[in-house]
Amino acid sequence: MGIFSLIQTTVEGLGDMGMSLSIAAIGSAIGTGIAGMAAIGAWKKMITNGQKAATALLIFVGAPLSQVIYGMILKNQIADANLNPDSYLWQIIIGLFAGAAMAGSAIFQGKAGARACDAIASGANDTAKYIMIIGVVETVALFVMIFTMTGLPS
């Protein structure tokens, strides 16, 4: 047993090294931050106008968090595929691009959520339609996760 087989055995199953999870989580942090700041501004606007602060705005703040879960599921699937260690660079690249796509979804969910918070604070209380828009943006992350997983060798 040479040193190469010892190293090879040591690194099996590393997958994308957590790239899909990490990059998706960065997007979720940005998205929740954007929507959170907008919710605070909307609540301030509502309270100063004598309205009750709508707790429904928390829906828009929390929506970008799901991309962290999708990133974790994808990271685990890539690692569980237990691909040849010679392909780790490609696994990392796949994780980076998939994570970036999920991060983009989370960021734009936050931006759409911010607009929804502002609309509700301005009196346009059509929360169901705003949630549907959030769902459409969410679909991008789901597609990325599913299509990447189905492209992995079994």
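Note that this is a predicted model, so its numbers are computed, not measured.

Let's shift gears to the overall build of the protein. Helix and strand counts for the protein stand at six helices and zero strands. When the helices and strands of the protein are placed in sequence order, the string is α-α-α-α-α-α. Going through the 154 residues of the protein one by one, you find that 38% of them count as buried. Counting contacts in the protein only where the partners sit at least 6 residues apart, residues at least 24 apart contribute 85% of the total. If you sum the accessible surface of the protein, you get close to 8,400 Å²; carbon and sulfur atoms cover 71% of it. Measuring between centres, the 7 positive side-chain charges of the protein sit 23 Å from its 7 negative side-chain charges.

Time to look at the UniProt feature "transmembrane region" (unreviewed entry) in the protein. Using the residue numbers shown here, the UniProt feature "transmembrane region" (unreviewed entry) corresponds to residues 20-43, 55-73, 88-109 and 130-152. Annotated as residues 55-73, this span is 74% helix and 0% strand, and its ends, taken at the C-alpha atoms, are 30 Å apart. Its end C-alpha atoms 31 Å apart, residues 88-109 is made of 100% helix and 0% strand.

Relative to each other, helix α4 (residues 66-80) and helix α6 (residues 127-150) sit at 5°, their axes nearing to 10 Å. Our classification of the angle between α4 and α6 gives roughly parallel. Where α4 abuts α6, its residues S66, Q67, Y70, I73, L74 and Q77 lie against E138, A141, L142, M145, T148 and M149. Here the contact of α4 with α6 is built from residues that sort into seven nonpolar, four polar and one charged.

All right, on to unusual backbone geometry then. The phi dihedral of M17 falls on the positive side, at around 60°, and the residue is not glycine. Note on placement: M17 falls in the loop between α1 (3-11) and α2 (19-48). Here M17 falls in the partly exposed class, since its relative accessible area comes to 47%. Of note in the backbone geometry, N82 takes a positive phi value of approximately 45° without being a glycine. Locating N82 in the fold gives a position in the loop between α4 and α5 (88-121). Relative accessible area serves as the criterion here: at 43%, N82 is assigned to the partly exposed category.

Another aspect to go through is a nonpolar patch on the surface. A grouping of I69, M72 and I73 is seen on the molecular surface, where their side chains present a nonpolar patch of about 240 Å² in accessible area. Relative to the elements of secondary structure, I73 occurs in helix α4. Looking at I73, the relative accessible area reads 31%, which means it is partly exposed.

By size, the foremost hydrophobic cluster in this structure holds 18 residues, and its most contacted members are L57, F60, C117, I120 and Y130. Those elements that provide at least two residues to this core are α2, α3 (57-62), α5 and α6. At six residues, the largest contribution of residues to this core is made by α5. Y130 has contacts with F60, A116, A119, I120 and A124, leaving out every residue within four places of it along the chain. Counting residues in each nonpolar core, the second largest holds ten residues, with Y70, A141, M145 and L152 among its members.

It is worth spelling out the side chain of S66 at this point. Note that S66 resides in helix α4. Of the residues examined, S66 reaches a relative accessible area of 17% and is grouped as buried. There is a polar contact of 2.5 Å between the side chain of S66 and the side chain of E138.

Analysis parameters
- Residues numbered from 1 in each chain as written.
- Predicted model: local features only at pLDDT ≥ 70, side-chain atom pairs only at ≥ 80, totals over all residues.
- Heavy atoms only, no water.
- Helix = DSSP H or I, 4+ residues; strand = E, 2+ residues; numbered from the N terminus.
- Buried < 20%, exposed > 50% of the residue type's maximum accessible area, 1.4 Å probe, protein only.
- Contact = heavy atoms within 4.5 Å.
- Areas by Shrake-Rupley, 256 points an atom, 1.4 Å probe, with all protein chains shown as cover.
- Lys, Arg positive; Asp, Glu negative; His and termini not counted.
- Charge placed at Lys NZ, Arg CZ, Asp CG, Glu CD.
- UniProt positions renumbered as here; feature names shortened; annotations may be inferred.
- Axes fitted to C-alpha atoms, helices over the stretch in contact; angles between N-to-C directions.
- Parallel < 35°, antiparallel > 145°, perpendicular 65-115°, else oblique.
- Nonpolar A, V, L, I, M, F, W, Y, C, P; charged D, E, K, R; others polar.
- Patch = residues over 30% accessible without salt bridge, like charges linked within 9 Å, V, L, I, M, F, W, Y side chains within 5 Å.
- Salt bridge = Lys/Arg side-chain N within 4 Å of Asp/Glu carboxyl O.
- Core = buried A, V, L, I, M, F, W, Y, C linked by side-chain atoms within 4.5 Å.
- Polar contact = N/O pair within 3.5 Å; in protein donor to acceptor, adjacent residues only side chain to side chain.

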